[in-house]
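So the chains spell out like this:
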Amino acid sequence: VSQSRYQQLNVSGDLDLSSHNATGGTGSSSTSSTQIRLVGNSVQNIIGNSSLTSSAGIIPTLVINQASGGTVSVDGRVNLGRNLVINSNGALSFSSTSVVGFLNSANAATISGTTTLTNIDFQDLIINKSGTTVSLSSFTPTIRISGVMTITAGTYTTNGQLTFRSRAHIVTGKQIGRA
């Protein structure tokens, strides 16, 4: 773990948030807010809060920046106060119990980055950004959601890059939903 003078924490191992229950991490702007950067070159695990209903434990901007294309695995709930930036060409996987939340901030948030990945497969996605948006910004992969997308407050701007998908092996009826 190293920290630079630009409010950035570089993590080369796992990021364990399982007991992180503090609130905050909202930052004042996308360029000056604190960043947690995953910079490892092999497997890095993000271990989220085990309570899938908790909105505590908000972290600032999360940057996945693995230059050598390592693997990042997400399990549990990860609450972001600002942005998710993916600057890696390695594997990115979200377990069947993972939840990514953009929460409790008056600041708009983005999912952005530079990657050759064609899809980012979230399990569950929660947006609770009162009066603001979460948007895809200069980002080419499609966001695919296998579980539930919940928008309690705010707006999610997809730029045509959102897909809901079913993981059912046998479809016995029609899949019903609305976006």
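Residues numbered from 1 in each chain as written. Predicted model: local features only at pLDDT ≥ 70, side-chain atom pairs only at ≥ 80, totals over all residues. Heavy atoms only, no water.

**Student:** Would you mind going over the sheet that holds strand β5 (residues 43–47) in detail, with residue names and values included?
**Tutor:** The 4 strands lie next to each other as β3-β5-β8-β11, forming an open sheet whose pairing is parallel. For this open sheet the edge positions go to β3 (15–16) and β11 (92–94), each flanked by a neighbour on one side alone. Relative to β11, strand β8 (residues 71–75) runs parallel, the two sharing 3 bridges. Along β11, the bridge assignment pairs S73 with S93. (Pairing = 2+ DSSP bridges. Helix = DSSP H or I, 4+ residues; strand = E, 2+ residues; numbered from the N terminus.)

**Student:** Could you give an account of the confidence of the model for the protein chain, naming the residues involved and the relevant values?
**Tutor:** The predicted coordinates ought not to be read in detail in places where the model reports low pLDDT. Summarising the model, the protein chain shows a mean pLDDT of 75, and 73% of its residues fall at 70 or more. Note that residues 1–5 has pLDDT below 50 and, in this model, 7 contacts with residues that lie over four places away or in other chains. Below pLDDT 50 for its whole length, residues 174–179 participates in 3 contacts with residues either more than four positions away or in separate chains. (pLDDT = per-residue confidence, 0-100. Contact = heavy atoms within 4.5 Å.)

**Student:** I'd love a proper account of the sheet that holds strand β14 (residues 119–122), names of residues and values included.
**Tutor:** The sheet built from 3 strands is open, its strands ordered β14-β16-β18 with parallel pairing. Only two strands of the sheet have a single partner each, and these edge strands are β14 and β18 (162–164). With strand direction ignored, the average angle separating the axes of adjacent strands in the sheet is 25°. (Axes fitted to C-alpha atoms, helices over the stretch in contact; angles between N-to-C directions.)

**Student:** Explain the pairing of β5 to me, and be specific about the residues and the numbers.
**Tutor:** The two faces of β5 differ: Q44 and I46 on one face are buried, but V43, N45 and I47 on the other face are not. Across 2 bridges, β3 lies against β5 in parallel orientation. Of the residues in β5, the one forming a bridge with L15 is I46. With 5 bridges joining them, β5 and β8 adopt parallel strand pairing. (Buried < 20%, exposed > 50% of the residue type's maximum accessible area, 1.4 Å probe, protein only.)

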